[in-house]
Amino acid sequence: MALIEELNQQGNKLFKYRSTLPIPFAILGLAIYLYNIHVTGKEIHSLTFEILCLTVGLFGQLIRAITIGYTPKGTSGRNTLEQVAEELNTKGMYSLMRNPLYLGNFFMWFAVILYIDVYWFCTLYILCFWIYYERIIFAEENFLRNKYGKPYLEWTMKTPIFIPKIKGWKKPNLNFSIKNVLKREYSGFFALFFTFTLFDLMENFTRLNQWFLDDFWAYSFSISGSLCIFLRILKKKTKILNVMGR
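What counts as what
- Residues numbered from 1 in each chain as written.
- Predicted model: local features only at pLDDT ≥ 70, side-chain atom pairs only at ≥ 80, totals over all residues.
- Heavy atoms only, no water.
- Helix = DSSP H or I, 4+ residues; strand = E, 2+ residues; numbered from the N terminus.
- Expected span 1.5 Å × (residues − 1).
- Buried < 20%, exposed > 50% of the residue type's maximum accessible area, 1.4 Å probe, protein only.
- Salt bridge = Lys/Arg side-chain N within 4 Å of Asp/Glu carboxyl O.
- Phe/Tyr/Trp six-rings, centres within 6.5 Å; stacked < 30°, edge-to-face > 60°.
- pLDDT = per-residue confidence, 0-100.
- Core = buried A, V, L, I, M, F, W, Y, C linked by side-chain atoms within 4.5 Å.

It is worth spelling out helix α8 (residues 215-237) at this point. Look at α8: 33 Å from first C-alpha to last across 23 residues, which is about the 33 Å you get at 1.5 Å a residue. Considered for burial, the residues of α8 that qualify are W217, S220, S224, G225, C228, L231 and L234.

To continue, consider the pattern of salt bridges. Per the counting criterion, the structure on display carries five salt bridges. Of the charged contacts, one joins E141 and R98 as a salt bridge, the two residues approaching to 2.8 Å between their closest N and O atoms. Of this pair, E141 sits in helix α5 (residues 119-148) while R98 sits in the loop between α3 (47-70) and α4 (100-116), and the two are 43 residues apart along the sequence. Residue R98 is classed as buried on the basis of its relative accessible area, which comes to 11%. Between E203 and R207 there is a salt bridge, with the nearest N and O atoms lying 3.0 Å from each other. In this pair, E203 and R207 are both assigned in helix α7 (residues 178-208), four residues apart and thus about one turn of the helix distant.

Quick look at the packing of aromatic side chains now. Enumeration according to the criterion identifies 30 aromatic pairs in this entry. Between the aromatic rings of F59 and F107, the centroid separation amounts to 5.1 Å while the plane-to-plane angle is 75 degrees, which identifies the pairing as edge-to-face. Highlighted residues: F59 in helix α3 and F107 in helix α4, separated in sequence by 48 residues. Judged by relative accessible area, which is 22%, F107 ranks as partly exposed.

Attention now goes to α3. A rise of 1.5 Å per residue sets the reference length of α3, with its 24 residues, at 34 Å; its end C-alpha atoms lie 35 Å apart and thus fit the reference within 8%. Regarding α3, the residues found buried are E50, C53, L54, G57, G60, Q61, I63, R64, A65, T67, I68 and G69.

For any part of a model where pLDDT is low, the fine detail of the predicted coordinates should not be relied upon. Mean pLDDT over the chain works out to 89, with 93% of the residues at or above the 70 mark. Of all the helices and strands in the chain, helix α1 (residues 3-15) carries the lowest mean pLDDT, 76, while α8 carries the highest, 97.

On to the nonpolar core, then. Formed by 34 residues in total, the largest nonpolar core has its most connected members in I113, I116, Y125, Y133 and F196. Among the secondary structure elements, those contributing two or more residues to this core are α2 (22-39), α3, α4, α5 and α7. Looking at this core, the element that brings in the most residues is α4, giving ten residues. Formed by seven residues, the second largest nonpolar core is a distinct cluster that contains I68, L144, Y152 and W155.

As C-alpha cells, then:
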C-alpha cells in the first residue's frame, strides 16, 4: 500500500476514536502524579497554579465555543463513524485556521497535562497529539479535497492548518448561537472540571489518607455537574436548545 493510502487509512481509523485520546493520558498522568506525591514528596500545588491550568483548558473550550456557535448543521460535529461535511466552512474561526476544534481540544487536554507538572510528560503529550491528529487531518483533508475540489484548495492556500493567523477574520453567514454551544459542548465542559476534581480527590487521599475535596474544586465540580445535568435534560427532553439550521 502506498504511503498516501496508508496515512489516509490510519487517519480514518483514528478519527473514530479521537475523543478517547485524552483518557490514557489522564490515567497515566494521574499515576505519575500520585507516584511523585507518594514517593518523592512532591509539594502541593498552589491554588493559583491550579486555576492557571484550568484557565488554559477554558481557553480551549472558548475556541471550540466560538467555532461551534457559528457553524451550520452537518459540519464541525461530534460524529465518530465517518467524515461528514455538508458544506465547506471557510468563515468565522475557519477563516483563521483550518482545524479550530482540534486546537481547542489541544488546550483543553493540555491543561490537565500541565497540572501534572512533569516536563517530559508535557513533551510526550505534544508529540503524541501531533502524530495522532496529523493523520486525522490528512484523512479529513483528503475527503474535503475530493468533495469540494478547487474551492477547498484555494481556501487551504491562504488558511493555516493549525496555528491561527492574526488577521483575516471573515464574518460567518449565520449569527452566533449560544443554544448550539450549550447543546453540543456541555459534556466536554464538565469533563474538564471532573478530571481536575478527580486529581484533587486522589491527591488528598494519597497525602492525608482521607477522601475530601478542596473547597474550590468541590464548588466547581458541583456547579459544572449541575449545569451538565440540567443541559442534558433540556437536550434530551425538550426542544429549547434546538436551533433551525443547526
